[in-house]
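So the chains spell out like this:
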Amino acid sequence: MSKARDFLNEVGGIFRNHVEIDKNQLVPGQHIYVDRAGGVYTHHGIYVGRDSNKSHVQYVIHFLSTPKNGSSTNSQRCEDCKYGKNANGGVVRTCLNCFMSCPLGGTKLYLYQYDVSLIDKHMGVPGSCSSAPAKPLEEIVKTAYEKLNQAKPREYNLLTYNCETFATECSTGKGESGQVVDNATRMVIPPTSFVGAGIAVGYTVYKTITTAQRWKKK
């Protein structure tokens, strides 16, 4: 019974794409993200680990837009990472708690998936995966720190260079934002349309057959 359940989960899993990860299982160099506004969009970053084995503070390098209400004051700064909640935007290094915190933020942490097939990417949750292969984790951490220390970092743009673009660029060398591109594609061919429904049915058949073939070899 458990094998049947695992098989069905593998067939249907790509429609979810969200891969939850515990903060204690994180490895430096991983691209992580959290929900914002009840899942309307997601915020992305690169986990870069702790400063030392004795430190309890876990750090993330991520990209933020410039807040409308200006710079922070000392009273607004985090005790662990000293980041100000209303600090200037751009590339920042904060603790994991600050990365996840938001009035409408989610409490779950997700691991971004790389090297998925194009059809899996199209059928999956926008902003959760990429078809490009990721670089070695240590190179991703190095790139994230290089961008953090840049004298003139790129300006934030919701459509052309956002937090997901930043994190994928660190991970693969080429930035992309599934939240923007994939959602735009679905506006052209919505899943509820006749064409979209046909694609979904065809994909389910394809996924079932390929998964069954793989399971036969186990």
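Residues numbered from 1 in each chain as written. Predicted model: local features only at pLDDT ≥ 70, side-chain atom pairs only at ≥ 80, totals over all residues. Heavy atoms only, no water.

Looking at an unreviewed UniProt entry, one finds the protein named NC domain-containing-related-like protein, with Tripterygium wilfordii as its source organism.

K.L.:
Mind showing me how you'd approach unusual backbone geometry here?
P.N.:
Of note in this structure, Lys82 is not a glycine but carries a positive phi near 65°. Examined against the element boundaries, Lys82 turns out to sit in the loop between strand S3 (59–64) and strand S4 (90–95). Classification of Lys82 as exposed rests on a relative accessible area of 52%. Although it is not a glycine, Asp115 adopts a positive phi angle of roughly 65°. With respect to the helices and strands, the residue Asp115 is situated in the loop between strand S5 (110–111) and helix H3 (118–123). (Helix = DSSP H or I, 4+ residues; strand = E, 2+ residues; numbered from the N terminus. Buried < 20%, exposed > 50% of the residue type's maximum accessible area, 1.4 Å probe, protein only.)

K.L.:
Help me understand the pattern of salt bridges, please; the structure alone is not making it clear to me.
P.N.:
Pairing between side chains of opposite charge can happen when their charged atoms approach one another. For the coordinates displayed, the defined rule picks out two salt bridges. Between Asp51 and Arg93 there is a salt bridge; the shortest N-O distance is 2.9 Å. Taken together, the residues span a long stretch of sequence, with Asp51 in the loop between strand S2 (41–49) and S3 and Arg93 in strand S4 at a distance of 42 residues. Among the salt bridges present, the one from Glu169 reaches Lys147, with a minimum N-O distance of 2.8 Å. A residue pair is termed long-range when its members are at least 10 positions apart, and Glu169 in helix H5 (residues 163–172) and Lys147 in helix H4 (residues 137–148) qualify at 22 residues. We note that Glu169, like Lys147, is buried. (Salt bridge = Lys/Arg side-chain N within 4 Å of Asp/Glu carboxyl O.)

K.L.:
What is the right way to look at the pairing of strand S1 (residues 31–36) in this model?
P.N.:
Successive side chains on a regular strand alternate, one facing one side of the sheet and the next facing the other. In terms of residue burial, S1 counts as a mostly covered element, since six of its six residues are buried. A two-sided burial pattern is seen for S1, the buried positions comprising His31, Tyr33 and Asp35 on one face and Ile32, Val34 and Arg36 on the other. In this sheet, S2 lies alongside S1 in antiparallel orientation, the contact comprising six bridges. By the bridge assignment for S2, Arg36 is matched with Tyr41. In this structure, the hairpin formed by S1 and S2 is closed by a connection of four residues, where Ala37 is found at a positive phi of approximately 55°. When S1 meets S5, the two strands line up antiparallel, connected through two bridges. Residue pairing for S5: Tyr33 is matched across the bridge by Tyr110. (Pairing = 2+ DSSP bridges.)

K.L.:
Sorry if this is basic, but what is going on with the environment of Gly29 here?
P.N.:
Along the chain, Gly29 falls in the loop between helix H1 (2–13) and S1. Ignoring sequence-local partners within four residues, the contact set of Gly29 consists of Ile46, Tyr47, Leu137, Ile140 and Val141. (Contact = heavy atoms within 4.5 Å.)

K.L.:
I would appreciate a short explanation of the packing of aromatic side chains in the present structure.
P.N.:
The relative placement of two aromatic rings is captured by the distance of their centres and the angle of their planes. Applying the stated rule across the entire model yields six aromatic pairs. Plain terms: the ring middles of Phe63 and Tyr156 are 5.4 Å apart, the flat faces sit at 40° to each other, and that makes the pair tilted. With Phe63 in strand S3 and Tyr156 in the loop between H4 and H5, this residue pair connects regions lying 93 residues apart in the sequence. Using a relative accessible area of 1% as the deciding quantity, one classes Phe63 as buried. Owing to a relative accessible area of 29%, Tyr156 belongs among the partly exposed residues under this scheme. Taking 5.3 Å as the distance between ring centres and 75° as the angle between the ring planes, the aromatic pair formed by Phe63 and Tyr161 counts as edge-to-face. Here Tyr161 lies in the loop between H4 and H5 and Phe63 lies in strand S3, a separation of 98 residues in the sequence. The two residues Phe63 and Tyr161 agree in class, both being buried. In this structure an aromatic cluster arises from ring pairing among Tyr33, Tyr110, Tyr112 and Tyr114. (Phe/Tyr/Trp six-rings, centres within 6.5 Å; stacked < 30°, edge-to-face > 60°.)

K.L.:
In this structure, what is going on with the confidence of the model for the protein? I would like to understand it.
P.N.:
In regions of low pLDDT, the predicted coordinates are not meant to be interpreted in detail. Averaged over every residue, the pLDDT of the protein is 78; residues scoring 70 or more account for 68%. Contacts for the low-pLDDT stretch residues 5–15, under 50 throughout, to residues beyond four places or in other chains number 24 contacts. Counting contacts from residues 192–197, a segment whose pLDDT is below 50, to residues more than four positions away or on other chains yields five contacts. (pLDDT = per-residue confidence, 0-100.)

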